[in-house]
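A look at the structure
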Protein chains: 2
Amino acid sequence: MSRPPRTRPTLEEVAALAGVGRGTASRVINGGEKVSERARQAVENAISELGYVPNAAARALVTRRTDAVALVIAESEERVFGEPFFAGIIRGIGSALGEVDRQLVLLLAQASQRRGGLDHYLTRQHVDGVLLLSLHADDELPGLIRAHGLPVVVGGRAHEGIRTNYVDVDNVQGARLAVAHLVERGRQRIATIGGPADMAAGSSRFEGYVAALAAAGRELDERLVELGDFSQESGADAMRALLEREPSLDGVFCANDLMAVGALGALRAAGRRVPEDVSVVGFEDAPIATSTHPPLTTVHQSPEQMGREMVALLLETMAAPEQDRPGRMLPTRLVVRASS
Amino acid sequence: MSRPPRTRPTLEEVAALAGVGRGTASRVINGGEKVSERARQAVENAISELGYVPNAAARALVTRRTDAVALVIAESEERVFGEPFFAGIIRGIGSALGEVDRQLVLLLAQASQRRGGLDHYLTRQHVDGVLLLSLHADDELPGLIRAHGLPVVVGGRAHEGIRTNYVDVDNVQGARLAVAHLVERGRQRIATIGGPADMAAGSSRFEGYVAALAAAGRELDERLVELGDFSQESGADAMRALLEREPSLDGVFCANDLMAVGALGALRAAGRRVPEDVSVVGFEDAPIATSTHPPLTTVHQSPEQMGREMVALLLETMAAPEQDRPGRMLPTRLVVRASS
DNA sequence: GACGCTTATGGGAGCGTTCCCACTGCTCAC
DNA sequence: GTGAGCAGTGGGAACGCTCCCATAAGCGTC
């Protein structure tokens, strides 16, 4: 490694030291074909002697590729970082990208006013592809980006209509798992606290709830349905409303863990024992699920795997941008704890 | 905006359309001095008509600045993303960087084997500066990066010896606040569940505990001290050990909220009422602090502000790299809830 | 020994900027 | 009327790399 020279060494200097031409040195660095063993050795020695590191800008200028991928988080800040789900996705994305030597450029598209600059930035001039984390149905960002001709993959569908270039958890299947479990436990009056109807995570989980009931030969009872906004508070509110309207309920499927935590609190406050009187199942398997009282039975999803899948899909799309690719659904599994 | 041309427009084309030279166009874009109003208008019109976006690679090649800052997260993955504290820092960093048009390149330095590539990447060839999130005392990364001549700012000191280029929460002051509060509540036997002694967050908070006791005219009693590793489980273990050894304790200061949650559980299991029999205070004001039973009194720190400070300090350092800058301490405040 | 073919090599051109210098008109003072 | 000074401008050179083409070297074949 020797002492670092005043100015970073260039490829030309490496070539000179190795006693070869610039072209040959370049070939060695880029997994080169057609290079003699002798030349390869000489170049590699020169590289490590000088501590040479290729200049990304110069390379990008000629290849017209930046080897960088943007992760645009267009969710309200509190939500994104409050939810460990997003953190897991980022982790998956980060490591998957690292493995293929791509850089992860993180863009927080927080305030809507910053959207302008964002749009401006998302060009081939800056990144080769975009990963988008946003669950809002009305978001025009995917369209905007695609209009730039940039490959995009969305994590979590905004709504059910989307058919391509997304990776999502199989919410319907997960919800069926949860509700089937409640049925199996002998629960007769199974309620649900759903998420917002305009988010796929909300509507799909509700869809799974209905499907599982149907599979058990039961009909949907509107009186057993209450919607929340995925917050703990809304879960508690919904639970109270359900208890008041339908005191005989003995099972609740919550569309996420946070709402389940709220429901648990409301049940306790109402004097219902969990799981003796009422079984509660959540969705997400967030860390908090293990520390509730009692620990929460929930549907496990792997955010990290989701991140990795997003990267895989994006790399495919970047390799052949012309065609659209079908979305990918990730399986879930039930984790049974003490709340059911 | 018109339909996007087959190939992205270059500065030359903008200049041609505006009827000026390349130099003048460049001057307009870079907040240029010495440009006539007429020329400026012409260039700006041409830019928006062509939808021109400067090519970052070409610019970086000549300016030798990339306008990108790396955020290296050298913590074990579970910890970083499990803790909302880190998420908050990232949010602060992201928005502060966005405001000055710098890109945030996220590097997860997870497995130690990837360290080699990381070191290679962290060069002026790729980023202008580095933000480092790591709390391990033995980490050689800061030194390595600085050896490259790259400006670095560390978030959270690895150990107390570090004097420059860091931003950290004032742990000592926060712990004093917490313990003084317990004293004020009339608690006589105040125990502490500390963090690992080899992390500043652990040792400083313990230091604050000792200082607050001294300020109240009390002596440190080793029997009231137990250390954990910041996990919920370790908090529960420590609490059990303390109760067994010193059943008369009536107050506990936990070095973080997660351990406090564990302690709360152990206290309940032991039949102690909180706060009637024992007051509990945490540190961090994590989201979970509001949903414990009872809600947790804790020391609030602002991770977002910490992120912003890190960016501010890094920008200063980048502007004048030669001199070292003293570290910055962020104040904390006590949030009183029902556990004390 | 000349020819063709393959393999390996050197280096020119060009990627899209910024930097800088030379140049043009002016205005103003003497 | 001349010269100095200045605002405004155009364009050459350079940044460090990859691409590609021309060429050299090696070798088997007729």
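Below or above, wherever it landed, is the structure these notes cover. Here the structure is a predicted model, which is why all the values come from computation and not from measurement.

The next subject is the protein's contact with DNA strand D. Contacts to DNA strand D come from 27 residues, most closely from L11, R22 and Y52 of chain A together with G21 and R64 of chain B. R22 of chain A has a polar side-chain atom sitting 2.5 Å from a base oxygen of DNA strand D. Separating a phosphate oxygen of DNA strand D from a backbone N or O atom of N55 of chain A is a distance of 3.4 Å. Listing elements by their share of the surface near DNA strand D, those giving two or more residues are α2 (22-29) and α4 (56-63) of chain A together with α2 (22-29) and α4 (56-63) of chain B.

So, about the packing of α4 of chain A against α4 of chain B. Packing of α4 of chain A against α4 of chain B leaves a shortest axis separation of 8 Å and a crossing angle of 140 degrees. As judged from the angle between their axes, α4 of chain A and α4 of chain B are oblique. Considering how the two elements wind past one another, α4 of chain A and α4 of chain B form a crossing that is left-handed. Taking contact as the criterion, the partners of A57, A58, A60 and L61 of chain A in α4 of chain A are, on α4 of chain B, A57, A58, A60 and L61 of chain B. Classifying every residue of the contact of α4 of chain A with α4 of chain B gives eight nonpolar, no polar and no charged.

Let's shift gears to the relation of the copies chain B and chain A. Superposing chain B onto chain A requires a rotation of 180 degrees together with a translation of 0.0 Å along the rotation axis, leaving an RMSD of 0.0 Å. Both chain copies can therefore be described as sitting about a two-fold axis. A share of 98% of interface residues in chain B that are also interface residues in chain A marks the association as one of identical surfaces.

With that settled, consider the interface of chain B and chain A. Listed per partner, the contact involves 42 residues of chain B and 41 residues of chain A. Of the roughly 3,600 Å² buried between chain B and chain A, counting both surfaces, carbon and sulfur atoms make up 60%. For the pair chain B and chain A, the interface holds zero salt bridges. The interface formed by chain B and chain A holds six residue pairs in polar contact (both at pLDDT 80 or more) in total.

The subject of this paragraph is the environment of H120 of chain B. Tracing the chain through its elements places H120 of chain B in helix α7 (residues 115-121). Separated by 28 residues in the primary sequence, H120 of chain B and H148 of chain B have C-alpha atoms spaced 9.8 Å apart. Not counting chain neighbours up to four residues away, the residues in contact with H120 of chain B comprise Y52, V53 and P54 of chain A.

A word on helix α11 (residues 232-245) of chain A. Residue and element names in this part refer to chain A. Here α11 spans 20 Å end to end across 14 residues, near enough to the 20 Å set by a 1.5 Å rise per residue. Buried within α11 are the following residues: S234, G235, A236, A238, M239, L242 and L243. The inward-facing, buried residues of α11 contact β6 (190-194), β7 (225-227), β8 (251-254) and α12 (257-269).

What follows deals with the side chain of N165 of chain A. All names here are of chain A. For N165, the position within the fold is in the loop between β4 (152-155) and β5 (166-169). For N165, a relative accessible area of 3% corresponds to the buried category. Contact partners of N165, with chain neighbours within four places excluded, come to R146, V152, V153, V154, L313, T317, D324, R325, P326 and G327.

Once that is clear, we can look at the pattern of salt bridges. Pairs can form between side chains of opposite charge once their charged atoms are near each other. Residues and elements named next belong to chain A. This model, assessed by the stated rule, comprises 32 salt bridges over all chains. Linking E246 and R189 is a salt bridge whose minimum nitrogen-to-oxygen distance equals 2.5 Å. Of this pair, E246 sits in the loop between α11 and β8 while R189 is found in the loop between α9 (171-184) and β6, placing the two residues 57 residues apart along the sequence. For E246, a relative accessible area of 8% corresponds to the buried category. Each member of the salt-bridge network shares a partner with another, and the members are R189, D221, R223 and E246.

How each quantity is defined
- Residues numbered from 1 in each chain as written.
- Chains lettered and ligands numbered in written order.
- Predicted model: local features only at pLDDT ≥ 70, side-chain atom pairs only at ≥ 80, totals over all residues.
- Heavy atoms only, no water.
- Near = heavy atom within 4 Å.
- Polar contact = N/O pair within 3.5 Å; in protein donor to acceptor, adjacent residues only side chain to side chain.
- Helix = DSSP H or I, 4+ residues; strand = E, 2+ residues; numbered from the N terminus.
- Axes fitted to C-alpha atoms, helices over the stretch in contact; angles between N-to-C directions.
- Parallel < 35°, antiparallel > 145°, perpendicular 65-115°, else oblique.
- Left-handed = near helix turned anticlockwise from the far one by under 90°.
- Contact = heavy atoms within 4.5 Å.
- Nonpolar A, V, L, I, M, F, W, Y, C, P; charged D, E, K, R; others polar.
- Least-squares fit on C-alpha atoms with pLDDT ≥ 70 in both.
- Buried area = accessible area lost by both parts, 1.4 Å probe.
- Salt bridge = Lys/Arg side-chain N within 4 Å of Asp/Glu carboxyl O.
- Expected span 1.5 Å × (residues − 1).
- Buried < 20%, exposed > 50% of the residue type's maximum accessible area, 1.4 Å probe, protein only.

Fair warning: the whole summary comes from geometry, so function is off the table for now.
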